[in-house]
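Residue-level listing of the chains:
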Amino acid sequence: MRRHLGDGALAGLAGGAALALVLVLAGEPTIGQAITLEQRAHPGEAGHEMFSRGTQQFGGVLASLVWGLGLGLVFAVAYFVLRRHLATGSDWRAAVTLAGVGFLTVNLVPFLKYPGNPPGVGDPATIGRRTTLYLLMVAWSAVSTAAAWRAARWLDTRGRADHLRLPAVAGLYVALAVIGWAALPGSPDVVAAPATLVWHFRLTSLGGTAAFWAVAGTVFGWRRLSATGQAPFKSLRTPATPSDV
């Protein structure tokens, strides 16, 4: 377990660095435009900036690394618990598959209901409510993923073929996600900023989280391959037994 956590920490830091790189290179121009619009809308507050933009950028990079480290450790624990239930002998494929599920559950499905806004866009008084709604959507997405996974295992034990089992599981997950989207209220804010600016920021943020999961899953998979002595992309039906459990 200790080795899994070390691999998860390294993978999370690498993914956090990828996230920070995307946000700095692709998201920073949009954030700068949003801040400029906010200062124009509230000219009397423009001179009261507590931290310089450079300090804020450094803080954003640091936050990405810390967030990545924490999520990497959670990923390692999830991998350790679920590995024996994944129908592949390749630790590479298991790690990449779990990372894809993580992106879908933690980021993509909640994003489709509550996409983020650039700094200065939205009413600051609604931050608490927006955060609560977003976390509720994340929790519902996790429940949907768990239900779909249990359904997949149940169908597998009954010998259902992949061409029947996979569409059924995907349909169940989509149906549960749609229930969550319909049941939860919409965002309490009316976004008045230019749509191009807002959606560029949103898609950049989504791309950053995709980069995080891609890099974290890849690094973790390679680390597990080196720990178990597997060849890259090796696929066996029976999972390899971790030597460090």
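Structure shown above.
Residues numbered from 1 in each chain as written. Predicted model: local features only at pLDDT ≥ 70, side-chain atom pairs only at ≥ 80, totals over all residues. Heavy atoms only, no water.

**What about the pattern of salt bridges?**
- Here the structure, examined in full by the defined rule, presents three salt bridges.
- Among the salt bridges present, the one from D7 reaches R223, with a minimum N-O distance of 3.0 Å. Taken together, the residues D7 in helix α1 (residues 2-41) and R223 in helix α6 (residues 195-228) connect sequence positions 216 residues apart.
- Exposure remark for D7: the relative accessible area of 2% places this residue in the buried category.
- Of the residues examined, R223 reaches a relative accessible area of 37% and is grouped as partly exposed.
- The partner of D91 in a salt bridge is R83, and the shortest N-O contact between them spans 2.7 Å. (Salt bridge = Lys/Arg side-chain N within 4 Å of Asp/Glu carboxyl O. Helix = DSSP H or I, 4+ residues; strand = E, 2+ residues; numbered from the N terminus. Buried < 20%, exposed > 50% of the residue type's maximum accessible area, 1.4 Å probe, protein only.)

**Focus on the packing of aromatic side chains**
- Evaluation of the coordinates by the stated rule reveals seven aromatic pairs.
- Measuring from ring centre to ring centre gives 5.3 Å for W92 and W222, while their planes differ by 70 degrees; the resulting arrangement is edge-to-face. With a gap of 130 residues between them, W92 in helix α3 (residues 91-113) and W222 in helix α6 connect regions that are remote in the sequence.
- Among the residues examined, W92 registers a relative accessible area of 15% and is labelled buried.
- Pairing F111 with W199 gives two aromatic rings, centres 6.5 Å apart and planes at 85 degrees, and the pair type is edge-to-face. Of this pair, F111 sits in helix α3 while W199 sits in helix α6; the two residues are 88 residues apart in sequence, bridging distant segments of the chain.
- Through a chain of ring-to-ring contacts, the aromatic side chains of W67, F75, Y79, F212, W213 and F220 assemble into a single cluster.
- Geometry around W199 places R202 over its ring, the cationic atom sitting 4.7 Å from the centre. (Phe/Tyr/Trp six-rings, centres within 6.5 Å; stacked < 30°, edge-to-face > 60°. Lys NZ or Arg CZ within 6 Å of the ring centre and 35° of its normal.)

**Comments concerning helix α4 (residues 127-157)**
- For α4, built from 31 residues, the straight-helix expectation of 45 Å at 1.5 Å per residue is met to within 8% by its first-to-last C-alpha distance of 45 Å.
- Buried within α4 are the following residues: L133, M137, S141, S144, T145, A148, A152 and L155.
- Summarising the contacts, the buried residues of α4 are in contact with α3 and α5 (162-183). (Expected span 1.5 Å × (residues − 1). Contact = heavy atoms within 4.5 Å.)

**With respect to the nonpolar core**
- Ranked by size, the top nonpolar core spans 18 residues in total, and within it F75, Y79, F212, W213 and F220 carry the most contacts.
- Contributions of two or more residues to this core are made by α1, α2 (53-82), α3 and α6.
- Counting residues per element, this core draws most heavily on α3, at six residues.
- Counting 11 residues, the second-largest nonpolar core is a separate cluster that includes Y114, M137, L155 and V169. (Core = buried A, V, L, I, M, F, W, Y, C linked by side-chain atoms within 4.5 Å.)

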